[in-house]
Amino acid sequence: MNARRKVMAYSWIWLVLLFLYMPILVLAVYSFSESTMIGSLRKFSLQNYITLFSVPELKRMIGGTVLLALGASVIATILGTMGAIGTFYSRKACRRGVEIANQIPVVNADVVTGFSICILMIVFWHVDKDTYIPLIIGHTALCTPFVYLSVMPRLQAMDPFLYEAALDLGCTPSQALRKIVLRELLPGIVSGFMTAVTLSLDDYFITTYTKPAVFDTISTYVVNATKGAQTQIKTALWALSTVIFLLVLLSVFMMNAVLGQKSDKKH
Amino acid sequence: MRFSRKYLNIPYIIFLLLFVIFPLFVICYYAFTNGQGEWTISNFTDFFTNSKTLGTLFYSVLIALTTTVVCLLIAYPTAYFLAKGPFRRGAVWVVLIVMPMWINFTLRITALKELLSALEGNLAYHPFFNTILCMTYDFLPFMIMPLFSSITKLDPQLWEAAQDLGARRWQVLWKVIIPMTMPGIISGVTMIFLPAMTNYVVLDMVYNSTYIMGSLIGSYFNAYDWHNGSMISVVLLFFIFAVYAISSHTAEQQTIQRGGSAL
């Protein structure tokens with residue numbers, strides 16, 4: 001590749017990265033100051049971070065978001081993994097049916113998924129929102145198909161004789177399943193779980209339609225806060241965005257380190 | 001009953017029937033009835049004769065189309081350079097591009113909104129431009145990923161062959177590279193177009209605006225009007241499955257990348 005095209009490639013990628021990261025980075029810089037708006041940088045201060053971790057409302061909102069994401073993802077992972085294993089060994093008609101149904105929440109707009117679950121549970125079945133059941137069901141319905149989709153390829157790639165061999169060597173079917181099949185599927189299950197967590201953390205629509213009035217996740221809270229006039233909360237959210245950015249950065253580094261070690265071992 | 005592996009999916013099948021398939025029937029039922037429980041199609045006739053709702057439909061299609069085109073124009077060269085460019089340790093660059101997907105989108109939009117307000121003074125001057133900018137900012141990584149994976153699969157010998165046979169550079173691009181990566185393009189377009197038509201949060205945060213399809217559901221929801229809300233959902237469902245049916249013949253199944261963990 002000649003030099004001119006190389007320069008072009010690099011500058012294009014840098015421009016795209018600038019576009020993607022500029023807002024987050026600018027906000028990160030301002031979150032460490034007393035400024036209340038972008039443009040006038042004032043004195044260094046950690047006030048936003050203190051607010052973020054001391055105002056009970058904010059603490060509750062962050063805790064609730066994480067708890068919901070983990071809870072729904074655990075349910076989704078169990079349900080999706082069992083679903084994928086069962087479906088993989090089922091007859092073709094059953095497989096086809098589950099595949100189509102599984103695809104519905106994936107392609108459907110989240111607004112429609114959220115609204116339909118709200119109509120079903122709250123309007124049609126009169127389930128009380130304050131029980132959190134509609135909210136958890138909604139998040140599970142959003143996440144499970146993605147767990148299923150990330151476990152299925154591992155099942156297809158698995159050596160079918162492993163399970164038979166385990167049975168021949170004296171395992172009961174459930175032992176073979178736990179000790180052989182689950183172990184083979186583990187990477188798919190883990191990545192399905194991670195996908196589920198990120199989807200649940202990022203969700204806005206399903207949450208708004210199914211949540212109890214007193215409960216907020218980061219998404220619904222931020223949307224309301226941008227309309228409100230509370231400057232203190234607004235700038236504390238800048239700090240939150242910086243913290244999340246750093247956490248994501250850290251986990252990407254750690255993931256790469258782990259993956260790097262693995263590939264070193266292989267060679 | 002003897003234990004068998006295939007019974008393991010029974011809980012998931014029940015879950016799918018109860019909370020994925022059944023809700024769709026319920027919203028269809030609500031869309032075709034009125035407050036007294038009588039069957040009616042007036043929800044639909046009202047929608048398609050009211051100039052405000054029709055305007056909203058066209059405006060959201062316009063926003064979705066523009067966003068998709070802008071994303072495609074930015075994403076294609078990006079994915080191309082990442083896949084075939086001069087980058088050593090290409091994986092690091094890909095992770096950099098994908099990483100924003102893991103940050104909560106409302107926080108990212110807040111960041112962009114603050115920055116834009118500082119740059120433009122008042123966001124009200126260029127509403128359409130700002131809307132497209134925010135949408136592009138939100139969705140861009142989702143377009144880059146499918147394009148990247150389909151360009152990576154391209155065999156470089158193909159365009160060497162095309163060049164040897166006398167094709168010029170742009171001919172190679174138009175007649176070899178773009179047709180070969182069509183599955184990636186289609187799957188990226190589906191992943192942007194549908195959310196862009198319904199994601200009213202971006203508009204809501206930047207402008208407090210309710211002029212997009214998704215937000216009609218939101219406002220009916222706030223007014224406890226289940227029947228009209230269901231009607232909009234059914235209209236959207238129709239759109240979604242029409243687009244999906246057209247694209248699924250050609251696109252690879254890459255929807256899993258919505259979560260971003262495909263790496």
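See the structure shown above.
Computed from a predicted model, the values in this text were never measured in an experiment.

Asker: Quick rundown of the side chain of Thr40 of chain B? Include the residues and the values.
Answerer: All names here are of chain B. Relative to the elements of secondary structure, Thr40 occurs in the loop between α1 (10-31) and α2 (42-49). Among the polar contacts listed, one links the side chain of Thr40 to the backbone nitrogen of Ser42, at a separation of 2.8 Å. When sequence neighbours within four positions are dropped, the list of residues in contact with Thr40 reads Ala31, Phe32, Thr33 and Asn34.

Asker: Tell me about a nonpolar patch on the surface, and name the residues and values.
Answerer: A grouping of Phe124 and Trp125 of chain A together with Tyr7, Ile10, Ile14, Leu18, Tyr29 and Trp39 of chain B is seen on the molecular surface, where their side chains present a nonpolar patch of about 780 Å² in accessible area. Considering every element that reaches the nonpolar patch, the biggest residue donor is α1 of chain B, with four residues. Residue position: Trp125 of chain A is located in the loop between α5 (110-124) and α6 (133-157).

Asker: I'd love a proper account of the packing of α2 of chain B against helix α3 (residues 51-84) of chain B, names of residues and values included.
Answerer: Residues and elements named next belong to chain B. Contact geometry for α2 and α3: axes closest at 5 Å, N-to-C directions at 75°. By the angle class used here, α2 and α3 are roughly perpendicular. Between α2, through Asp46, Phe47, Phe48 and Thr49, and α3, the contact on the second element is made entirely by Ser51, Thr53, Leu54 and Leu57. Residues belonging to the contact of α2 with α3 are distributed by class as follows: four nonpolar, three polar and one charged.

Asker: Describe in detail the pattern of salt bridges, supporting the description with residues and values.
Answerer: Under the definition given, this model contains five salt bridges over all chains. Of the charged contacts in the structure, one is a salt bridge between Asp216 of chain A and Lys211 of chain A, with a shortest N-O distance of 3.7 Å. Using a relative accessible area of 13% as the deciding quantity, one classes Lys211 of chain A as buried. The residue Asp138 of chain B makes a salt bridge to Arg108 of chain B at a minimum N-O spacing of 3.3 Å. Of this pair, Asp138 of chain B sits in helix α6 (residues 127-152) while Arg108 of chain B sits in helix α5 (residues 105-120), placing them 30 residues apart in sequence. Both residues of the pair, Asp138 of chain B and Arg108 of chain B, count as buried.

About the thresholds
Each chain has its residues counted from 1, following the order in which its sequence is written. Chains and ligands are labelled sequentially in the order written, the chains with letters from A and the ligands with numbers from 1. A pLDDT threshold of at least 70 governs which residues receive local features in this predicted model, and a stricter bar of 80 or more applies before side-chain atom pairs are shown or counted, although totals over entire chains, interfaces and linings include all residues. The basis for every side-chain value is the complete set of non-hydrogen atoms in the structure, without hydrogens or water. Numbered from the N terminus, helices here are DSSP runs of H or I no shorter than four residues, and strands are runs of E no shorter than two. N or O atoms closer than or at 3.5 Å make up a polar contact, with two conditions inside protein: a donor-capable atom paired with an acceptor-capable one, and, for residues adjacent in sequence, both atoms drawn from side chains. Residues are treated as being in contact if the distance between any of their heavy atoms lies within 4.5 Å. Patch rule: a residue counts if its relative accessible area is over 30% and it has no salt bridge; like charges are joined within 9 Å, and nonpolar side chains (Val, Leu, Ile, Met, Phe, Trp, Tyr) within 5 Å. Computed by Shrake-Rupley with a 1.4 Å probe, the accessible areas treat only the displayed protein chains as cover when residues are assessed. What counts as a salt bridge is simple: a side-chain nitrogen of Lys or Arg found within 4 Å of a carboxyl oxygen of Asp or Glu. Helix axes are fitted to C-alpha atoms over the stretch in contact, other axes to C-alpha atoms as well, and angles between N-to-C directions run from 0 to 180 degrees. Just so you know how the angles are binned, under 35 degrees is roughly parallel, over 145 roughly antiparallel, 65 to 115 roughly perpendicular, and the rest oblique. Under this grouping Gly is polar, as are all residues other than the nonpolar Ala, Val, Leu, Ile, Met, Phe, Trp, Tyr, Cys and Pro and the charged Asp, Glu, Lys and Arg. Buried, partly exposed and exposed residues are distinguished by accessible area as a fraction of the type maximum, computed with a 1.4 Å probe on protein chains only: under 20%, between the cut-offs, and over 50%, respectively.

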